[in-house]
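Analysis of the macromolecular model
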Amino acid sequence: MASISTSTARADLAVVGAGIIGLATARRYLADNPGRRVVICEAEERPGLHQTGRNSGVLHSGVYYRPGSAKASLAVAGRSSMVEFCRERGIAHEVCSKMIVAVDGSERERLAVLAERAASNDVAAELIDAQRLAELEPYCAGVAALLVPSTGIVDYSAVCRALIDEIESAGGELWTDTSVVGLAPSADRVRITTTTGDLDATWVVNCAGLRCDQVAELAGASGGYRIVPFRGEYYELVPERSHLVRNLIYPVPDPSFPFLGVHLTRMIDGTIHAGPNAVLALAREGYRWSDVSRAQLREHLTNRGLWRLARRYWRTGAGEVWRSLSKAAFTRALQRLVPDIEAEDLVRSKAGVRAQAMDPAGELEDDFAVTVAGRSTHVLNAPSPAATSSLEIAKMIVHRIDR
């Protein structure tokens, strides 16, 4: 996985970004086109350092997403594909179910709407009462819940390692420490300028995550999308309190905010993660408040859509910032779901940054977004459930290339 210097290399397919979608795309292309040359250009020293390596490790079922959307169909199919992939390769995973919990009567109606959406998306789900909830999650407070048996947990880093093994076994190449700084399309290929040399590819797939809009701009293919980075901050329950959560406990989504809210997730190693909140990051890779990019600040300040978003969600957004700054406030949010959790039960865990696309109208893009320009394909919005859906997203991308 060392970086490779070259001035005139050629490839049938170049993939920008070695997160789970980029790796899945390279692996799928090689499986469908044996003998062809694939090069993956990764800016970091190793794959999966950002969204892929910092997500919650959940195998999503597809219950939340708008019926008929790409998220809905690809999450349902992707969960099944990912479970099969992990089972065949001995990768740690578990289909353990989750609870979406109504903590009071005012949330019952929203829970019922969510149950209808699950049915529309062909996701098995069951409305259960407080007694049944207590049997399944004894420390959880709620008047009702939606039980989603198909939700699971997985080690996505292990999935990436398996994908890399298959890519390299099929002759694919992973160039690390290699940033793409130029794309020059022509009739039959794309000239890619990187920090380690030039590469001519018959097709390019941009899976650059937090930098995907910048890479797309090099080819004039951003479609007006821009990435707005949101940081999600997590805590972890200390081991002696991990018994408070058996599997996954989620709140009923707040319709006034485009994120799920803090929840509790058992990871594949048995630890319990709590979060995330959602605050505007001040850098693309802004995992802490102290990570500040002047260029990103300029983008935020000149983004009219972001100002409209702030006016619309200022109250909820202020609560997210307060939970970021106050452990006590974060704890209170968790206590709505599990009242026995105390501040001393929580220790900081690593944060993640969500590459959330804003569409040309200045709205946060709710679905996956992929654009095509000439001989390049650009994945411009792939937040959760993208890891769950990665094998199916890859299948879709390669199918379009091979048509």
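Residues numbered from 1 in each chain as written. Predicted model: local features only at pLDDT ≥ 70, side-chain atom pairs only at ≥ 80, totals over all residues. Heavy atoms only, no water.

Secondary structure assignment for the protein chain yields ten helices and 22 strands. Relative to the compact-globule value of 22 Å for 403 residues, the protein chain shows a C-alpha radius of gyration of 21 Å, a close match. Projected onto its principal axes, the C-alpha positions of the protein chain cover 65 × 50 × 40 Å. Counting across all 403 residues of the protein chain, residues that qualify as buried make up 54%. A sequence separation of at least 24 residues applies to 74% of the contacts in the protein chain between residues at least 6 apart. Accessible surface, the protein chain: about 16,900 Å² in total, of which carbon and sulfur atoms supply 50%. (Helix = DSSP H or I, 4+ residues; strand = E, 2+ residues; numbered from the N terminus. Rg over C-alpha atoms; globule rule 2.2 N^0.38 Å. Buried < 20%, exposed > 50% of the residue type's maximum accessible area, 1.4 Å probe, protein only. Contact = heavy atoms within 4.5 Å. Areas by Shrake-Rupley, 256 points an atom, 1.4 Å probe, with all protein chains shown as cover.)

On inspection of all chains with the given rule, the structure shows zero disulfides. Note on Cys160: no disulfide assigned, nearest cysteine sulfur contributed by Cys86 at a separation of 11 Å. (Disulfide = S-S within 2.5 Å.)

The tally for this structure, following the rule as stated, stands at three aromatic pairs. By the ring-pair criterion, three or more aromatic residues cluster together here, those being Tyr64, Tyr65 and Tyr250. The positively charged end of Lys98 is found above the aromatic ring belonging to Tyr250, 4.0 Å away from the centroid. Above the plane of the ring of Trp289 lies Arg231, whose end atom (NZ or CZ) is 4.6 Å from the centre. (Phe/Tyr/Trp six-rings, centres within 6.5 Å; stacked < 30°, edge-to-face > 60°. Lys NZ or Arg CZ within 6 Å of the ring centre and 35° of its normal.)

Looking at the secondary structure, you find Asp155 in the loop between strand 8 (152-154) and helix 5 (156-169). For Asp155, a relative accessible area of 25% translates into the label partly exposed. Once the C-alpha coordinates of Asp155 and Ile91 are considered, the two residues, 64 residues apart in sequence, prove to be 7.3 Å apart. Discounting residues that sit within four places of it in the chain, Asp155 has contacts with Ile91, Ala92, Arg161 and Ile268. Within polar-contact distance, the side chain of Asp155 engages the backbone nitrogen of Ser157 at 3.1 Å. (Polar contact = N/O pair within 3.5 Å; in protein donor to acceptor, adjacent residues only side chain to side chain.)

With that settled, the discussion passes to the packing of helix 8 (residues 304-325) against helix 9 (residues 327-335). Where helix 8 meets helix 9, the closest approach of the two axes is 5 Å, and the angle between their N-to-C directions is 115°. Classified by the interaxial angle, the pair formed by helix 8 and helix 9 is roughly perpendicular. Crossing hand, helix 8 versus helix 9: left-handed. In contact with Trp322, Arg323 and Leu325 of helix 8, helix 9 contributes Lys327, Ala329, Phe330, Arg332 and Ala333. Of the residues that constitute the contact of helix 8 with helix 9, the class distribution is five nonpolar, no polar and three charged. (Axes fitted to C-alpha atoms, helices over the stretch in contact; angles between N-to-C directions. Parallel < 35°, antiparallel > 145°, perpendicular 65-115°, else oblique. Left-handed = near helix turned anticlockwise from the far one by under 90°. Nonpolar A, V, L, I, M, F, W, Y, C, P; charged D, E, K, R; others polar.)

Looking now at the sheet that holds strand 3 (residues 58-59). Pairing between the strands of a sheet is mediated by backbone hydrogen bonds and can be parallel or antiparallel. What the three strands build is an open sheet, ordered 3-8-4; its pairing is antiparallel. At either margin of the open sheet sits one strand with a lone partner, and together these are strand 3 and strand 4 (93-95). In this structure, strand 3 lies alongside strand 8, joined through two bridges in antiparallel fashion. Looking across to strand 8, one finds that Leu59 is bridged to Gly152. Helix 2 (residues 70-89) contacts strand 3, strand 4 and strand 8 of the sheet and is inclined by roughly 135° relative to strand 4. (Pairing = 2+ DSSP bridges.)

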